[in-house]
Amino acid sequence: MLALTITTKVMLGTALLGATAGVVGSFAVLRGRSLVGDMLAHAALPGIGLAFLIMGSRSMLGLSVGALASGLLAIGAVTLIVRWTRTKEDAAIGIVLSTFFGAGVVLLSHIQKPGIGGNKAGLDSYLFGEPGNMLTSDLLVLVVVGAAMLLVVVLLFKEFKLVCFDIDFAQSQGWPTLALDLLMMASLAVVTIVGLPIVGVILMAAMIILPAATARFWTNRLHVLLLLAAGFGMAAGPLGTYFGRGLPAGASIVLTGASFFVVSVFVAPQRGVLARVLAEYRLRKRITREHLLRSLYELSESQLPEIPNLPLATVRQYRHWNALEKLLQQEFEAGTIQTDAEHVQLTPLGLRRAAELTKAHRLWEMYLVQFADIAPDHVDRDADDIEHLLPEALLVELEQQLADEDRLPSTVAEVPSSPHDLG
Amino acid sequence: MTTAFEIHDMTVAYHRRPVLWDIDLTLPEGKLVGIVGPNGAGKTTLIKATLGLVPLASGKVEIYGKSYREQRHLVGYVPQRESVDWDFPVTVRDVVLMGTYGRLGWFRRPGRAERKIADQCLEQVGMTALANRQIRQLSGGQQQRVFLARALAQDAQIYFLDEPFSGVDAATEAAIVELLQTLRASGKTVLIVHHDVQTVREYFDYVILLNMRLIACGPVDTTFTNENLHKTYGGRLTLLDEAAEAMRQREP
């Protein structure tokens, strides 16, 4: 037999459990079954108690069978309640989960009375988890379960993906969707049960949901999501036990997993909060700069092709500005304007950009007036909101459409005149 | 004319409440068939019952003379767009590849041949440029095209489309209609749940008028008459409604 220190065992065991729960949990989360894991875990408690009373010892295998049996009973109870009463599924899950858990707690306190099992029963670890109790044989169970799950997922990746995404389509192709669904559920049940003594019935759900939810922030591909979820789960176990020395291990593992999630919520590209705030900020900034250039164009328009040196006061009055000085400074650095304390003038480069922007703006305005029946005096604001987001291809199409309707001057390269009074 | 699709005496019930009564119909090969009727008429149910997604209370369905179970390799299916989670972590090409899963069978992964099929199908619906996009980033019309491409990848003989025009732009609708005509030209039969009575004459050869029971089924010219439309949309089928309601009331 391998001689492993308890620390090594705990590290290995929690990592294995985390990875397996992450992968199997991903399918549960994508199938909209996040809470089933939670229910299985909570509902396992009375089964564990009963198994202990019947066997009189805490062999992992016996207790697991008890846990599995009462977990499956709970799933059956939910199905029956939803089928035969008007109770909704989430309510039914809540009812069954807490009822079974309550029964489990009653059983456990009965077992801990002197003369029945006493504190020696050690069933407390099933509440909050106690990886320190892990035996080498438990580790072996984890290895076997992990390998089996890996095999199932690798073999049935395509089938699981299809059932999770579009179960009706899968069934129309002749896949045994009920059996595949049950297999996913059974995998979830097995992983949950082996995880119970390590993280406890209360927190096991987090091991199933957190890695998948975290991974979803980082990828749009299922196979990458599975790998990432395995990685997050694998890291949460050992890191949690390491940093949480002296604390309940299940709790510190779950908190580690939760911190991965929180970090991802903020820093993930595209889906993360920071990325979205940044994108919004950049857009706002671009819009103000485009407003400035367009205003300068409109103010210069009457004197073109000469580019007039505009008094700053006129620009200030033309529309409402936040921090005009800063904006002018930015444009000056970008080489689109010349400015001194009193005046501002578009450079040839600035004129060119401003003309393009104004053209896009007016094309959009004309389109709104022409095709969407918006009153010309309302159109400026509506146009402002959207024009900054119009892709170039759409603008070309717009131009073409207006040209077809004879609504554009013959040389479309020119900026058409505004369809409403300026200023 | 070869018979592509036949329903005998089909009755379907949800929770003992019948939604389709005694449907009998026969459709020849190579036609575009509109399934038309008011909301709750059982149009979607007709398709789902045909594909075995909801159980039949009675009756049977035949595709080219045999049961659906034996002929499912001849069938392509486009479910309603709202029926799936578009935030699911798959790309456009992944979804189209799912159309080939039925042929692949257990355990085998789509390979180069399947990817080639998927790309051809994407080209047919004009979505080649978006093959690697996550499906959430698509417009409604584009999502519908993806579903259509997936059905094309099934390489079927008879297609069932559930409201392919709902929530799509005019360009997509035109593109879908053109594609359907190409399918018809190559001898395929396409059944389409359709909401817009205005376009029935323009789009379809055959029409199934449905309102819990079959009102009429036949060529558009002779079947899509004002009288039949009135029967489909006008008079409420009070007796059937009441019977269904009575069944439901008996539920606890």
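Predicted model only: the values in this text are computed from it and were never measured.

Considerations on the overall build of chain A
Helix and strand counts for chain A come out as 18 helices and three strands. Relative to the compact-globule value of 22 Å for 423 residues, chain A shows a C-alpha radius of gyration of 33 Å, a clear excess of over 25%. Based on the C-alpha atoms only, the size of chain A along its principal axes is roughly 100 × 50 × 35 Å. For chain A, buried positions account for 39% of its 423 residues.

What about the environment of Ala113 of chain B?
Residue and element names in this part refer to chain B. Along the polypeptide, Ala113 turns up in helix α5 (residues 112-124). Here Ala113 falls in the exposed class, since 10 other C-beta atoms lie within 10 Å of it. Residues Ala113 and Val146 lie 33 residues apart in sequence; the distance between their C-alpha atoms is 19 Å.

Remarks on the sheet that holds strand β1 (residues 310-311) of chain A
All names here are of chain A. The strand order β1-β3-β2 describes an open sheet built from three strands, whose pairing is antiparallel. Every interior strand has two partners, whereas the edge strands, β1 and β2 (337-339), have only one. By the bridge criterion, three bridges tie β2 to strand β3 (residues 343-346) in an arrangement that is antiparallel. Pairing of Gln338 across the sheet is with Gln345, part of β3.

Brief notes about the domain arrangement of chain A
Domain assignment breaks chain A into domain 1 (6-271) and domain 2 (278-404). A straight line from the C-alpha centre of domain 1 of chain A to that of domain 2 of chain A covers 57 Å.

Structural notes on the packing of helix α10 (residues 204-216) of chain A against helix α12 (residues 249-267) of chain A
For any two helices packed against each other, the geometry comes down to the angle between their axes and how far apart the axes lie. All names here are of chain A. Axis separation between α10 and α12 bottoms out at 9 Å; the angle between their running directions is 20 degrees. The angle between α10 and α12 places the two elements in the roughly parallel class. The interaxial crossing formed by α10 with α12 has left-handed handedness. The segment α10 lies against α12, with Ala206, Met207, Leu210, Pro211, Ala213 and Thr214 engaging Val254, Gly257, Ala258, Phe260, Phe261 and Ser264. For the contact of α10 with α12, the per-class residue count stands at nine nonpolar, three polar and no charged.

Details of the packing of helix α2 (residues 34-55) of chain A against helix α9 (residues 177-199) of chain A
All names here are of chain A. One can describe the packing of α2 onto α9 by two numbers: an axis separation of 9 Å at closest approach and a directional angle of 45 degrees. Taken together, the axes of α2 and α9 lie oblique to each other. The way α2 lies across α9 gives a crossing that is right-handed. Between α2, through Val36, Gly37, Leu40, Ala41 and Ala44, and α9, the contact on the second element is made entirely by Met185, Leu188, Ala189, Thr192, Ile193 and Leu196. Here the contact of α2 with α9 is composed, by residue class, of nine nonpolar, two polar and no charged.

Cut-offs applied
Residues numbered from 1 in each chain as written. Chains lettered and ligands numbered in written order. Predicted model: local features only at pLDDT ≥ 70, side-chain atom pairs only at ≥ 80, totals over all residues. Helix = DSSP H or I, 4+ residues; strand = E, 2+ residues; numbered from the N terminus. Rg over C-alpha atoms; globule rule 2.2 N^0.38 Å. Buried ≥ 20, exposed ≤ 12 C-beta atoms within 10 Å, placed from the backbone. Pairing = 2+ DSSP bridges. Domains from an automatic or database assignment. Axes fitted to C-alpha atoms, helices over the stretch in contact; angles between N-to-C directions. Parallel < 35°, antiparallel > 145°, perpendicular 65-115°, else oblique. Left-handed = near helix turned anticlockwise from the far one by under 90°. Contact = placed C-beta atoms within 7 Å. Nonpolar A, V, L, I, M, F, W, Y, C, P; charged D, E, K, R; others polar.

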